[in-house]
Amino acid sequence: MADLKDALHELADRPRPVGRPAAEPADLWSRGVRRKRLRVAGAVVAVVAVVAAGAGVGALVHGRRDVAPVGGSQQIGLPSSIGVPDPGSPGTAEAGPVGPVAVLWQSTRDGHDGASFFGVSASSGTYRFLDLPRIAGPDDVALSPDGREVAYWTTGPVTGKDFHYSGQSGDMATVVGIARYDTVSGKTRFAGLAGAHGLDVEAIHWTDDDTVVFQFGRLRTAESSVGIAVWSWGPTGLPQKTPDAPQTEEWTSATAGRHVVEKGLRYAVLPAGATRASAATVLPRLPDVAWSDVTTDGTYVAGVQVGPSPDSYTGKGSLRVGRLRAGHPVTMRRMKDLHALGIVGWSGPGRLLVAAARNGVPNSAELKTVDLDSGVVHDVGTIRNRNRWPGVPQYATDLLTKPFVARAVPHWHDDRWDAAGWGALGAALLAGGFLLWRRRARG
């Protein structure tokens with residue numbers, strides 16, 4: 001008991017600790033404001049972290065390259081809709097030949113700007129870039145009617161000063177000859193034609209599945225050429241000069257393998273396989289306007305008018321059609337509300353296939369059939385490019401009378417999720433900064 005009493009006296013005799021002075025109200029308010037700001041800042045940091053993580057995932061998931069369609073049904077036919085493959089898609093040098101091609105078109109490609117062409121398989125719908133050996137440039141690359149060959153100008157060295165040819169679709173390397181690429185075997189046949197300085201090339205066309213005709217002049221200087229003539233190259237042998245062939249860049253497929261060619265200010269029909277102008281039958285009494293395409297099925301004649309006169313081009317195409325009587329058109333009427341970009345060919349008697357502009361949609365067109373007996377227009381599908389419009393695609397015209405096939409079209413990642421994610425990150429940072437500023441201003 002004595003021990004407990006002594007211990008209590010000892011505790012009572014110890015000095016007491018001095019208590020902290022009471023905090024002023026202003027200090028308490030400042031502490032509360034600082035804690036509030038820290039909580040808000042922490043929330044903003046958390047939101048930014050979440051958005052940044054989402055942006056990173058978006059970049060990883062949606063930043064991948066588009067994949068071109070590979071494989072599909074084995075039904076032979078033209079695709080009702082087409083797009084363009086991703087610039088990094090494989091080509092025939094890597095993935096092998098694509099087989100008979102239903103559609104040939106031009107597009108951009110990694111490391112191959114200006115002269116990159118791709119084909120769409122007629123049997124599977126596979127998209128594949130065509131690695132055409134020694135291609136000189138984008139002008140005058142022509143698909144055969146059956147889709148089994150592609151003809152194009154080739155480049156190479158010359159004995160004199162090389163003069164480059166500037167084509168309508170872009171600059172060309174020095175042209176020294178022509179080639180035929182087999183879309184089934186992947187093999188290429190070459191024919192050298194060059195003069196001392198290269199060739200001044202004009203056009204390449206197929207008269208049928210086996211024979212290609214082309215015209216060129218041998219360059220004499222950078223501004224002039226000589227010896228402009230038409231040559232033909234059949235299924236065997238080498239090209240032969242064709243003295244009586246029509247010199248023209250206008251060459252439109254017609255039914256039964258025929259073609260309509262321009263002869264001066266007139267147009268004429270060539271039978272299948274013909275390479276001489278003397279075999280042509282003139283189409284008289286066509287309106288004296290500027291045409292970009294003229295074709296006939298023997299009953300109707302159709303053309304795309306692009307100017308009020310042969311010397312005046314506006315570039316606005318209107319489709320005009322008329323019946324033939326005794327070999328010449330009676331009246332050419334304008335198909336209203338149809339801005340035609342080009343004629344593909346005849347899908348049947350009186351049924352014309354055209355590419356038409358889509359109002360308000362850049363780098364895009366619609367494939368349509370026009371029934372000339374009734375004037376009814378039917379939608380077939382769409383034609384879309386990414387960045388520009390390099391002319392109407394070339395179709396294997398032998399397949400025009402077959403039913404169109406629904407094929408997979410390369411998907412476009414127009415809505416770039418990685419860009420959207422980083423945009424959201426920036427917005428979150430701005431919102432967080434504004435919120436902190438408001439809090440500080442109120443404090």
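Residues numbered from 1 in each chain as written. Predicted model: local features only at pLDDT ≥ 70, side-chain atom pairs only at ≥ 80, totals over all residues. Heavy atoms only, no water.

## Focus: unusual backbone geometry
Right, on to step 1. Residue Arg285 is not a glycine yet carries a positive backbone phi of 65°.
Right, on to step 2. Among the structural elements, Arg285 can be located in the loop between strand S17 (281–283) and strand S18 (290–296).
Right, on to step 3. In this structure, Asp337 takes a positive phi of about 60° despite not being glycine.
Right, on to step 4. For Asp337, the location among the structural elements is in strand S22 (residues 333–348). (Helix = DSSP H or I, 4+ residues; strand = E, 2+ residues; numbered from the N terminus.)

## Description of the pairing of S18
Right, on to step 1. In terms of burial, S18 is a largely internal element, six of the seven residues being buried.
Right, on to step 2. The pairing of S18 with strand S19 (residues 300–307) spans six bridges and is antiparallel. Across the sheet, the residue bridging to Val294 is Gly303, located in S19.
Right, on to step 3. Counted along the chain from S18 to the antiparallel partner S19, the turn is three residues long, and its residue Gly298 has a positive phi close to 95°. (Buried < 20%, exposed > 50% of the residue type's maximum accessible area, 1.4 Å probe, protein only. Pairing = 2+ DSSP bridges.)

## Considering the pairing of strand S1 (residues 101–106)
Right, on to step 1. Counting buried positions over the six residues of S1 gives six, a clear majority of the element.
Right, on to step 2. Pairing analysis gives two bridges linking S1 to strand S26 (residues 394–395), with the strands arranged antiparallel. For Leu104, the partnering residue across the bridge sits in S26 and is Gln394.

## What about the pattern of salt bridges?
Right, on to step 1. Taken as a whole and assessed by the stated rule, the structure comprises eight salt bridges.
Right, on to step 2. One salt bridge in this structure joins Asp131 and Arg109, with 2.8 Å as the shortest N-O distance. Of this pair, Asp131 sits in the loop between strand S3 (127–130) and strand S4 (142–143) while Arg109 sits in the loop between S1 and strand S2 (117–121), placing them 22 residues apart in sequence.
Right, on to step 3. With a shortest N-O distance of 3.9 Å, Arg358 and Glu366 are connected by a salt bridge.
Right, on to step 4. Overall, the relative accessible area of 22% leaves Glu366 in the partly exposed class.
Right, on to step 5. Via salt bridges that share partners, Arg358, Glu366, Lys368 and Asp379 belong to a single interconnected network. (Salt bridge = Lys/Arg side-chain N within 4 Å of Asp/Glu carboxyl O.)

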